[in-house]
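Architecture and fold: a report
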Amino acid sequence: MSEGHSTYTPKTGIERWFDARMPLPRLVHDSFVAYPVPRNLNYMWTFGGILSLMLAAQILTGIVLAMHYTSDTNLAFDSVEKIMRDVNSGWLLRYLHSNGASFFFVAVYIHIFRGLFYGSYKAPRELLWILGCIIYLLMMATGFMGYVLPWGQMSFWGATVITGFFSAIPLVGNWIQELLLGGFAVDNPTLNRFFALHYLLPFMIAGVVVLHIWALHVVGQSNPTGIEVKSKTDTVAFTPYATIKDAFGMIVFLFVFAYFVFYLPNFLGHPDNYTVANPLKTPAHIVPEWYFLPFYAILRAITFNIGPINSKLGGVLCMFGAIAMLFLVPWLDTSKVRSAVYRPWYKLFFWLFVADAILLGWLGSQPAEGSYVFMAQMATLFYFAFFLVVMPVLGLIETPRRLPNSITEAVLEKKKGSGHPARATAAPEITG
Amino acid sequence: MSATDIHDPNRRDFLYVATGMAAVVGAGAVAWPFIDQMRPDASTLALASVEVDVSSLQPGSSLVVKWRGKPVVVRNRTEKEMKDGAAVNLADLKDPIARNANLPSDAPATDANRTTPGKEAWMVMVQVCTHLGCIPLGQEGDFGGWFCPCHGSQYDTAGRIRKGPAPENMAIPVFKFISDTKILIG
């Protein structure tokens, strides 16, 4: 945390030389070695590190794939097949990149739900949360544009549908859509600019990640109790404690990732994307990548006009509104207690919300007909009610459980409760 | 001048404002080409017309041609399709406007206004769903017209939106019969 003075002492001549000119070693030491983290962080807190790793991996595999890819509508599909068949290790690099995108989203969704469960967005971490939401938006834009590049049927029709959102904007919608596409339909100009932007955006993500970590290091990590760090005994040093825990989390995560890359490389993709794009034929059942499905279900749930807003604009507004909710969370939640551990009712609604998000995802993958439409409408209603009704109201009427006085007390209580030998000698540690 | 003399605009204030304005205008002028280059280019805008030979189309069959990068369907409708289209009560329509580029922009969406006089069997229509741009499948759905597989919009036999999220009837492009068997689109 920021209040701690730097404990870095340069030991060698080279370190002293650097420290007087550009204290980068000091910054690294203060941020990743001596930096104090709450002693009770659980494995949910390893996903920030996992996400950094995935971003680096995506940039690395992406750069080498770009050396073999051609962004021309006549050549793009074949160049991807060439990567798969002819380029040395090309199949591996492509599967790492395409599955890497999916696992990037797996990690980010766990990271976001972690924040929602433990109230990590509450003051003073609002800006930290909002920077995270911006990263998430940039990730969605990057993922969407990347999926267009192989120029398969789902690439083409996904691009058509998503750029179609902008045509819903009154008056200027068509102008904006033509500006994005560079034509009247998705075509060569679209593919070229998407490739350029797909290459650019990850570096913008990296930039916002730096801001995200900066904001984190000013306010410090939250923790499962949601109680702020009060004394030195509440924390441990980032290295070795968090470093090793993060490393172990990464290894387990990469095991699962590797299983998909080597044994189920196309499980998360769609077979229609191995058919070259055809502007005259829409696939019978068009779906976006799995990580967009809940929002896709919300988009399709609005089949009726709402006053002057027609169903198309209404669907687009609800879909973007669903993401906008995340930005407002710090002000929608009125509870004074951060962590759901001490909020029995919020905990219940949180898990209902998780179930609702998964249900929406499943509905997004089903055809938009019959009872699916009604279910999607109900699930959409609950999605918005969670943010706009449950969060503000529950904070006012819920009686939270008794909070421990400090992180240290919570840790010791837990140890006693779980039958481990209580560290009675921990008392001297509590010096304030 | 003195720094406290804020109520008396002088030559220096004028220069500050003028310089600032010039910078804003300059920045806008430099930014515009960067936005402008994204718009459809000259080759895309070159609006081609297509001539379609429809002599092979028996009642109940359709063909699709590509026009401005989008599919245009030409359908020779059956007696039943025409009757179904004409029987629709205008009050039941989600979009009451004909959306026919050959007619005034407020023409009502009657079956006749969706076709061309004397050729009521023929539907010539941009086969792009007005929701998010998918290609609807012909002769499917509850109304025997078009069904969009993406988000479930259903159109009747005159291409009018009847159910689902699409807001408008499918667009009818500028076209004319140049002979009994030839249509000029665009």
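Computed from a predicted structure; not experimentally measured.

About the criteria used
Residues numbered from 1 in each chain as written. Chains lettered and ligands numbered in written order. Predicted model: local features only at pLDDT ≥ 70, side-chain atom pairs only at ≥ 80, totals over all residues. Heavy atoms only, no water. Helix = DSSP H or I, 4+ residues; strand = E, 2+ residues; numbered from the N terminus. Rg over C-alpha atoms; globule rule 2.2 N^0.38 Å. Buried < 20%, exposed > 50% of the residue type's maximum accessible area, 1.4 Å probe, protein only. Contact = heavy atoms within 4.5 Å. Lys, Arg positive; Asp, Glu negative; His and termini not counted. Charge placed at Lys NZ, Arg CZ, Asp CG, Glu CD. Buried area = accessible area lost by both parts, 1.4 Å probe. Salt bridge = Lys/Arg side-chain N within 4 Å of Asp/Glu carboxyl O. Polar contact = N/O pair within 3.5 Å; in protein donor to acceptor, adjacent residues only side chain to side chain. Nonpolar A, V, L, I, M, F, W, Y, C, P; charged D, E, K, R; others polar. Pairing = 2+ DSSP bridges. Axes fitted to C-alpha atoms, helices over the stretch in contact; angles between N-to-C directions. Disulfide = S-S within 2.5 Å. Core = buried A, V, L, I, M, F, W, Y, C linked by side-chain atoms within 4.5 Å. Parallel < 35°, antiparallel > 145°, perpendicular 65-115°, else oblique. Left-handed = near helix turned anticlockwise from the far one by under 90°. Expected span 1.5 Å × (residues − 1). Phe/Tyr/Trp six-rings, centres within 6.5 Å; stacked < 30°, edge-to-face > 60°. pLDDT = per-residue confidence, 0-100.

1. Let's talk about the overall build of chain B
Scanning chain B from N- to C-terminus turns up three helices and 10 strands. Secondary structure elements of chain B, listed N to C terminal, follow the sequence α-α-β-β-β-α-β-β-β-β-β-β-β. For chain B, whose C-alpha radius of gyration is 26 Å, the value lies well above the compact-globule estimate of 16 Å for 186 residues. Along the first, second and third principal axes, the C-alpha set of chain B runs to 90 × 35 × 30 Å. The proportion of buried residues among the 186 residues of chain B is 40%. Sequence separation of at least 24 residues holds for 50% of the intrachain contacts in chain B that already meet a minimum separation of 6. Positive and negative side-chain charges of chain B, numbering 19 and 20 respectively, have mean locations separated by a distance of 3 Å.

2. Let's talk about the interface of chain B and chain A
Each partner contributes residues to the interface: chain B has 30 residues there, and chain A has 32 residues. Where chain B abuts chain A, roughly 2500 Å² becomes buried across the two surfaces, and 66% of that area is made up of carbon and sulfur atoms. Of all residues in chain B, the largest losses of buried area upon contact with chain A belong to B:Met38, B:Leu132 and B:His151, amounting jointly to 24% of the total for that side. Linking chain B to chain A there are zero salt bridges. Along the contact surface separating chain B from chain A lie seven residue pairs in polar contact (both at pLDDT 80 or more). Secondary-structure elements contributing two or more residues to the side of chain B that touches chain A are helix H1 (11-36), helix H2 (42-45) and strand S3 (70-76) of chain B. Partitioning the side of chain B that touches chain A into residue classes produces 15 nonpolar, nine polar and six charged.

3. Structural notes on the sheet that holds strand S9 (residues 175-179) of chain B
The strands making up a sheet associate through backbone hydrogen bonding, with each pair oriented either parallel or antiparallel. Residue and element names in this part refer to chain B. Pairing is antiparallel across the open sheet formed by three strands, whose spatial order is S1-S10-S9. Where the open sheet ends on each side, the last strands, each with one partner, are strand S1 (50-53) and S9. On average, each strand axis in the sheet is tilted by 30° relative to the strand beside it, whichever way the strands run. Taken together, the four bridges between S1 and strand S10 (residues 182-185) define a ladder with antiparallel strand orientation. Looking across to S10, one finds that Glu51 is bridged to Leu184.

4. Here we look at the side chain of A:Lys312
Along the chain, A:Lys312 turns up in helix H12 (residues 311-332). As a buried residue without a salt bridge, A:Lys312 has its nearest oppositely charged side chain in B:Glu168, at a separation of 6.9 Å. A distance of 3.0 Å separates a polar side-chain atom of A:Lys312 from the backbone oxygen of B:Thr130. Leave out the neighbours within four places in its chain, and A:Lys312 touches A:Gly164, A:Ser167, A:Ala168, B:Thr130, B:His131, B:Leu132, B:Pro165 and B:Pro167.

5. Comments concerning the state of the cysteines
Residues and elements named next belong to chain B. In this structure the tally under the stated criterion is zero disulfides over all chains. Between Cys129, a free cysteine, and Cys148, which holds the nearest cysteine sulfur, the sulfur-to-sulfur gap is 3.8 Å. Judged by its relative accessible area of 3%, Cys129 falls in the buried class. Its relative accessible area of 2% is what places Cys148 among the buried residues.

6. Remarks on the sheet that holds strand S4 (residues 122-126) of chain B
Residue and element names in this part refer to chain B. Spatial ordering of the open sheet is given by S2-S3-S4, a layout of three strands whose pairing is antiparallel. If you trace the sheet from one side to the other, it starts and ends with strand S2 (61-67) and S4, each paired once. Neighbouring strand axes in the sheet, compared pairwise and without regard to direction, differ in orientation by 20° on average. Across five bridges, the pairing between S3 and S4 is antiparallel. Each residue of the ladder has a partner; that of Val74, found in S4, is Val124.

7. Considerations on the nonpolar core
Most often, soluble globular proteins have nonpolar side chains that are buried together. Residue and element names in this part refer to chain A. In terms of nonpolar packing, the biggest core is built from 142 residues, with Leu116 and Phe387 touching the most fellow members. The biggest single contributor to this core is helix H6 (residues 126-148), with 13 residues. Apart from residues no more than four positions distant in its own chain, Phe387 is found in contact with Met325, Leu326, Val329, Leu332, Phe353 and Pro392.

8. Details of the packing of helix H3 (residues 47-66) of chain A against helix H5 (residues 90-118) of chain A
Residue and element names in this part refer to chain A. Viewed as axis vectors pointing N to C, H3 and H5 meet at an angle of 155°, and their least axial separation amounts to 9 Å. Comparing their axes, H5 and H3 come out roughly antiparallel. Remark: the crossing between H3 and H5 carries left-handed chirality. Judged by residue contacts, Phe47, Gly48, Ile50, Leu51, Met54, Leu55, Gln58, Thr61, Gly62, Val64 and Leu65 of H3 engage Leu93, Arg94, Leu96, His97, Gly100, Ala101, Phe103, Phe104, Ala107, Val108, Ile110 and His111 from H5. A class-by-class count of the residues in the contact of H3 with H5 yields 15 nonpolar, seven polar and one charged.

9. Quick notes on helix H9 (residues 188-219) of chain A
Between its terminal C-alpha atoms H9(A) stretches 47 Å, which fits the 46 Å expected from 32 residues at 1.5 Å a residue. Of the residues trailing H9(A), A:Gly220 is marked for its positive phi of about 80°.

10. Remarks on the packing of aromatic side chains
Residue and element names in this part refer to chain A. With the rule as written, the count across this model stands at 44 aromatic pairs over all chains. Here Phe117 and Tyr118 contribute two aromatic rings whose centre-to-centre distance is 4.8 Å and whose plane-to-plane angle is 80°, an arrangement assigned as edge-to-face. Judged by relative accessible area, Phe117 falls into the buried class, the value being 10%. Taking relative accessible area as the criterion, Tyr118 reaches 10% and is therefore assigned buried. Every member of this aromatic cluster is reached through a ring pair, and the members are Trp45, Phe113, Phe117, Tyr118, Tyr346, Phe350, Trp351, Phe353, Tyr383, Phe384, Phe386 and Phe387.

11. Thoughts on the confidence of the model for chain B
A residue-level look at chain B finds 95% of positions with pLDDT of 70 or above and a mean pLDDT of 87. We note a pTM of 0.86 for the whole complex and an ipTM of 0.76 for its interfaces.

12. Focus: unusual backbone geometry
Residues and elements named next belong to chain A. The step from Ala123 to Pro124 runs through a cis peptide bond, and the omega angle for that step is 5°. Its place among the elements puts Pro124 in the loop between H5 and H6. Along the chain, Thr239 connects to Pro240 via a cis peptide bond; the corresponding omega equals 10°. Here Pro240 lies in helix H10 (residues 238-263).

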